[in-house]
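Examining the three-dimensional arrangement
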Amino acid sequence: MQKAHVRNLEFCCAFNNKEEAIFLDDMIDLFMGMNGGHVGKYCYDGSNWDAVIENSTNYYVPRADNELVLQASAEIRDFIPQQTPYVDFGVGGAVAFKHHVLPIINRLNSPLYVGVDFCERALDSIASIQKDEDQGFAVQTVQMDFFAPNSRILTSTPSLGVMNGLTVTNKYGTLRDVNVASDFARDLDQLCRLTNFGWLLLTIDTNQDETSLRDAYETPMTSRLYLNVFHRMANTLPVNDFDPSLFVYEPEWHPELHLFAHMAKATEAQSFSLGSHHFSVKKGEKIHLLNSYKFSKDFFDSCSSKAGLRVQKIWHHETPMKLYMLAGKNADRIIQ
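Report on the accompanying structure.

**Focus: the pairing of strand β2 (residues 112-117)**
Counting buried residues along β2, six of its six residues qualify, which places the element largely inside the surrounding structure. Of the two faces of β2, the one lined by Leu112, Val114 and Val116 and the one lined by Tyr113, Gly115 and Asp117 are each fully buried. Read as a crossover between parallel neighbours, the route from strand β1 (residues 86-89) over helix α5 (residues 94-108) to β2 is right-handed. Pairing of β2 with strand β3 (residues 138-143), which is carried by six bridges, proceeds in the parallel orientation. Across the sheet, the residue bridging to Tyr113 is Val139, located in β3.

**Quick notes on the side chain of Thr84**
Secondary-structure assignment places Thr84 in the loop between α4 (61-75) and β1. A polar side-chain atom of Thr84 sits 2.7 Å from the main-chain carbonyl oxygen of Pro81. Not counting the four nearest positions on each side in its chain, Thr84 is found in contact with Leu108, Ser110, Pro111, Pro158, Ser159, Leu160 and Trp199.

**Quick notes on the sheet that holds strand β4 (residues 160-163)**
Ordered by their spatial adjacency, seven strands build an open sheet running β3-β2-β1-β4-β5-β14-β13, and the pairing between neighbours is mixed. Unpaired on one side and paired on the other, β3 and β13 (310-316) mark the two borders of the sheet. Across the sheet, the axes of successive neighbouring strands diverge by a mean angle of 20°, strand direction being ignored. Here β1 runs beside β4; their pairing, made up of three bridges, is parallel. In the strand pairing of β4, Tyr86 is matched with Leu160. This element, helix α10 (residues 297-306), spans β5 (199-205), β13 and β14 (321-327) of the sheet and lies at about 15° to β14.

**Here we look at the sheet that holds strand β11 (residues 277-281)**
Pairing between sheet strands relies on hydrogen bonds along the backbone, with the strands arranged either parallel or antiparallel. The strand order across the open sheet formed by three strands is β6-β10-β11, and the pairing between neighbours is antiparallel. Of all strands in the sheet, those bounded by a partner on one side alone are β6 (239-240) and β11. Across two bridges, β6 lies against strand β10 (residues 270-274) in antiparallel orientation. The partner of Asn240 across the bridge, within β10, is Ser273. Sheet contacts for helix α2 (residues 18-32): β10 and β11; angle to β11, the most-contacted strand, approximately 45°.

**Describing the packing of aromatic side chains**
The final tally for this structure, using the stated rule, is 25 aromatic pairs. For the pair Phe97 and Tyr113, a centre-to-centre distance of 5.3 Å together with 75° between the ring planes defines the contact as edge-to-face. With Phe97 in helix α5 and Tyr113 in strand β2, the pair connects residues that are 16 residues apart, well separated along the chain. Centre to centre, the rings of Phe184 and Phe300 are 5.8 Å apart; their planes meet at 50°, and the pair counts as tilted. Taken together, the positions of Phe184 in helix α7 (residues 180-194) and Phe300 in helix α10 put the pair 116 residues apart, joining distant regions of the chain. For the pair Phe184 and Phe300, one class covers both residues: buried. Through a chain of ring-to-ring contacts, the aromatic side chains of Phe31, Phe230, Phe242, Phe247, Phe272 and Phe279 assemble into a single cluster. Positioned above the aromatic ring of Phe23 is the side chain of Arg232, whose terminal nitrogen or guanidinium carbon lies 5.0 Å from the ring centre.

**A word on α5**
With 15 residues, α5 should reach 21 Å at 1.5 Å per residue; the first-to-last C-alpha distance of 20 Å fits that figure. Of all the bends in α5, the greatest reaches close to 40° and is centred on Val101; the proline Pro103 follows between one and four positions later. All of the buried residues in α5 are Val95, Ala96, Phe97, His100, Val101, Leu102, Ile104, Ile105 and Leu108.

**With respect to the nonpolar core**
Within the largest apolar cluster, 71 residues are counted, with the highest numbers of intra-cluster contacts made by Met27, Phe31 and Leu274. Judged by nonpolar contacts, the second largest core, of 38 residues, contains Phe89, Val116, Val180 and Ile204.

**Things to note about α10**
Three or more residues of α10 are buried, namely Phe299, Phe300, Asp301, Cys303 and Ser304. In this structure, the buried residues of α10 make contact with α7, β5, β13 and β14. Once α10 ends, the next one or two residues include Gly308, with phi positive near 80°.

**Brief notes about the packing of α4 against α5**
Axis separation between α4 and α5 bottoms out at 9 Å; the angle between their running directions is 0°. On the basis of their axis angle, the class for α4 and α5 is roughly parallel. Along its contact with α4, which presents Asp65, Asn66, Val69, Ser73 and Ala74, the element α5 presents His99, His100, Pro103, Ile104 and Arg107.

**Some words on unusual backbone geometry**
Phi at Gln83 is positive, roughly 70°, even though this residue is not glycine. Note on placement: Gln83 falls in the loop between α4 and β1. A positive phi angle, close to 55°, is found at Phe197, a residue other than glycine. By the secondary structure assignment, Phe197 is in the loop between α7 and β5. Take Phe197: its relative accessible area is 12%, and that puts it in the buried class.

Thresholds applied
- Residues numbered from 1 in each chain as written.
- Predicted model: local features only at pLDDT ≥ 70, side-chain atom pairs only at ≥ 80, totals over all residues.
- Heavy atoms only, no water.
- Buried < 20%, exposed > 50% of the residue type's maximum accessible area, 1.4 Å probe, protein only.
- Helix = DSSP H or I, 4+ residues; strand = E, 2+ residues; numbered from the N terminus.
- Right-handed = clockwise from strand over helix to strand, strands pointing away.
- Pairing = 2+ DSSP bridges.
- Polar contact = N/O pair within 3.5 Å; in protein donor to acceptor, adjacent residues only side chain to side chain.
- Contact = heavy atoms within 4.5 Å.
- Axes fitted to C-alpha atoms, helices over the stretch in contact; angles between N-to-C directions.
- Phe/Tyr/Trp six-rings, centres within 6.5 Å; stacked < 30°, edge-to-face > 60°.
- Lys NZ or Arg CZ within 6 Å of the ring centre and 35° of its normal.
- Expected span 1.5 Å × (residues − 1).
- Bend = angle between axes of the 7 residues up to and from the residue.
- Core = buried A, V, L, I, M, F, W, Y, C linked by side-chain atoms within 4.5 Å.
- Parallel < 35°, antiparallel > 145°, perpendicular 65-115°, else oblique.

Here it is in structure tokens:
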């Protein structure tokens, strides 16, 4: 697991769980207003994303994801060498593994799958899938927050780093940001470094229509998914007098930031303690949980170029989603 700054060392030692200690820090920062858009990694556990994939209607992302991966898997050998390791940024559950990971691994005869996630439960599910499926490739899991600054390299040879489900657009960012392009270029460079400067296969959503975005995201299922962070806080952190049910999901579209921001709105005022801190939330106050950036094609292309990445292939879909294959410096050396 990557090194991370943990203020609540006493909590960490008492519970022997560094993930929850970092969770405590992040939630304190959230309610203090010091940070925002950074707690999405606590909403997902693998299995709850399977439910979204299997039961979505207006939320077009899972269907588009599946169809784009089918397109890519049919052509992947034209762009990626055989025996290239597969790095999965943000692992899903069994359904996502079957639909997104296996088709490409099988096409490339990848000898190694590396599942990377902050959620231990999601990583445990991948180990179980490997045991059940008895696939012909090795499985490694790495617990880390791949959006947090780091200088790690995960594979000894250039690998294919994959982000399905628009994971790359869940990058961190606040409503106060003024340098979205340079920040995103830095994120792309870091992700490519993790693959040993190989390839990135990333889905993005170019949708700029607020009505369409609200139709896609403002559903009971996605609302439960995002608001789950408050229930996890109530169940696992040292908190008193906190009612997680006193929030509703109320997202905001910020076109100047290219951002569909997932927000929670307080339906009632409440005061509570979290760790050694005390907070008061006013009725109607909104809290910025996580991000879904909606980059136009031109904006994404520009950020990729700033990161030193070459656009090798784009697969298009009838929805506003696209699947990009980006090549890093070591990938280009292999191709040449």
